[in-house]
Amino acid sequence: MTENRHVKGSYWLETAPGGPRPPLTEDLDVDVAVIGAGIAGLSTAWELTRAGRRVAVLEAGQVAAGVTGHTTAKLTALHTLVYDKLRRTRGPEGARLYARSQSEAIERAAEIAEELGVDCDWEQRSAYTYVHDESRVEELRAEAAAAREAGLPASFVTETGLPFPVAGAVRVTGQAQFHPRKYLLALAEDLVASGAAVHEHTAVLGLDEGEPCRLSTDTRATVTARDVVVATHYPIFDRALLFTRLSPRRELVVAGTIERDRDPDGMYITPDEGTRSVRTAPWDADRRLLIVTGEHFTPGTGDTRARFDDLSAWATRHFPGVELSHAWATQDNDPTDTVPMVGPLHPGARHTYVATGFGGWGMSGGIMAGRLLAAQITGEECAWSELYDPRRLLSTVREAPTFLKTQAQVARHFVGDRLRPAPPLESLPPGEGAVVRVNGDRLAVYRDDDGNLHAVSPRCTHLGCLVSFNGAEDAWECPCHGSRFATDGKVIQGPATKPLEQRDI
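Described below are features of the structure shown in this document.

**A few points about the overall build of the protein chain**
Along its length, the protein chain carries 11 helices and 25 strands. For 505 residues, the compact-globule estimate of 2.2 N^0.38 gives 23 Å, and the protein chain sits close to it at 22 Å. The dimensions of the protein chain, computed from C-alpha atoms along their principal axes, are 65 × 55 × 50 Å. Per-residue burial over the protein chain gives 60% buried out of 505 residues. Approximately 19,900 Å² of the protein chain is accessible, and the part contributed by carbon and sulfur atoms is 49%.

Here you go:
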């Protein structure tokens, strides 16, 4: 796709544009304020509204247009290879609670879609984790056994609907896929109809954890709430240093149509080949939309255009004749101890909560988080509260090597990127950006297609790492914690909340 870097973006956003929601312009007093209108935030708000709470949702961008709007939208409890590990690190009961919580999230989504009468392209599918390498077959057999022990309808198979042979696969039946934005726009509509407030283009800048809590916004309006939920994918308020337990991962997506009779009839993922994920979605009477994901990498590292080319080549090699029409990217945060962090924001929190670290499985995870947080806020019992509790320490200590590796990577970028030679400004071609030196100072400079230069500070406003340019998406990215900025420095994705500072050349 190098020859056309302006291919269409997310299929979900294109096919469900939705109507605008007004920014918050007046002070607001509610029971619960939810920061973030992705699947975790909207699911939490919907559950709380149904429980009788007065709720406000505050979104810095647009509803379901961030990470949720760029997902592959699988609703499955089979999360690549997780159950054998959970059985060893959290015990059989921990694995069972994980499977049950994720499975019930899928059932909950089906119930809500039916209740609201939303046509969100809901389809039941089996989910598969497959490998090509014969040496990994025993690993998959162990995963199938662990998933089955955890309560999933799992089995080990060697035959799939993919157009190429596999050495083995874990199959879990009765899973689902859907159009996430159609589903979430319906939730937002129902929220407003039920009396909740949903505000777009309202960035939350400050949090006072008093009783009640107070939120300050970039629109100069203040929200007062008894409880606050931070559901911004990567926490914008991190008073428990959760960023030390999260590793950002960017992943690319290409999509195009294939004949209906070539549909592999399932949702597939492999940890091989830098990850490859395959599913289809409805298109028309004769064709399906093939969606292929992979090439995961740390934001701000490597050549994203080349990675898009590699993913496109893989799709056309395995599905000859596919007419690729869309390309986009998504971003996930992997927790160092495998399980998402959903619950109190920090050890001393009484009225603030967080949902983060879904590790690429935010669809079922976000719906699960909505149910869990609503239960905690309304005082109900939830069997898996302890499993997902962000305040857990034992599992972090147990998986310390992953934690230490994550911090070592951050330190390497923080120091090493400052030692890297900077190219001269004159070498920057149109449509490209780079951190360059000008009069002895480092600047993040983008030269637009007309040759005009746009300069900002290269220091990420989160914790000061140097950003790098993503030429496929025209964005500055922080390799330490995944913050992303537009070419003019505006925040695209947190945890940063402040733009990169403007600089003169």
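Now that the structure has been shown, the text picks up again.
**A few points about the state of the cysteines**
Following the criterion strictly, the structure yields 1 disulfide and no others. In this model, Cys465 is linked to Cys480 through a disulfide, with the two sulfur atoms separated by 2.0 Å. Between Cys465 and Cys480 the sulfur-sulfur dihedral comes to about -90°; the bridge is accordingly left-handed. Placement of Cys465 in the loop between strand 20 (453-456) and strand 21 (468-470) and of Cys480 in the loop between strand 22 (475-477) and strand 23 (484-485) is noted, with a sequence separation of 15 residues between them. On the basis of relative accessibility, which here comes to 3%, the residue Cys465 falls in the buried class. Between Cys460, a cysteine without a disulfide, and Cys478, which holds the nearest cysteine sulfur, the sulfur-to-sulfur distance is 3.9 Å.

**Section: the pattern of salt bridges**
For the structure on display, the rule yields 40 salt bridges. The residue Asp272 makes a salt bridge to Arg136 at a minimum N-O spacing of 3.0 Å. You can see Asp272 sitting in the loop between strand 12 (267-270) and strand 13 (276-282) and its partner Arg136 sitting in the loop between strand 4 (123-131) and helix 5 (137-149), a full 136 residues away along the chain. If you follow the salt bridges from partner to partner, you end up with Glu123, Arg125, Asp263, Asp265 and Arg288 in one network.

**Concerning the nonpolar core**
The tendency in soluble globular proteins is for nonpolar side chains to be buried side by side. Tyr83, Tyr183, Val342 and Tyr388 are the most contacted members of the largest nonpolar core, which has 85 residues in total. Contacts of Tyr388, omitting those with residues within four sequence positions, involve Tyr98, Ser101, Gln102, Val339, Pro340, Met341, Val342, Met368 and Leu372. Ranked by size, the runner-up nonpolar core spans 26 residues in total, among them Ala33, Ala221, Phe237 and Leu246.

**What about the sheet that holds strand 25 (residues 502-503)?**
With antiparallel pairing, 4 strands are arranged side by side in an open sheet as 18-19-20-25. For this open sheet the edge positions go to strand 18 (432-438) and strand 25, each flanked by a neighbour on one side alone. Relative to strand 19 (residues 441-447), strand 18 runs antiparallel, the two being bridged by 7 bridges. What sits directly across from Val436, in strand 19, is Leu443.

So, how was this worked out
- Residues numbered from 1 in each chain as written.
- Predicted model: local features only at pLDDT ≥ 70, side-chain atom pairs only at ≥ 80, totals over all residues.
- Heavy atoms only, no water.
- Helix = DSSP H or I, 4+ residues; strand = E, 2+ residues; numbered from the N terminus.
- Rg over C-alpha atoms; globule rule 2.2 N^0.38 Å.
- Buried < 20%, exposed > 50% of the residue type's maximum accessible area, 1.4 Å probe, protein only.
- Areas by Shrake-Rupley, 256 points an atom, 1.4 Å probe, with all protein chains shown as cover.
- Disulfide = S-S within 2.5 Å.
- Salt bridge = Lys/Arg side-chain N within 4 Å of Asp/Glu carboxyl O.
- Core = buried A, V, L, I, M, F, W, Y, C linked by side-chain atoms within 4.5 Å.
- Contact = heavy atoms within 4.5 Å.
- Pairing = 2+ DSSP bridges.

Purely geometric stuff here, so don't read any function into it on its own.
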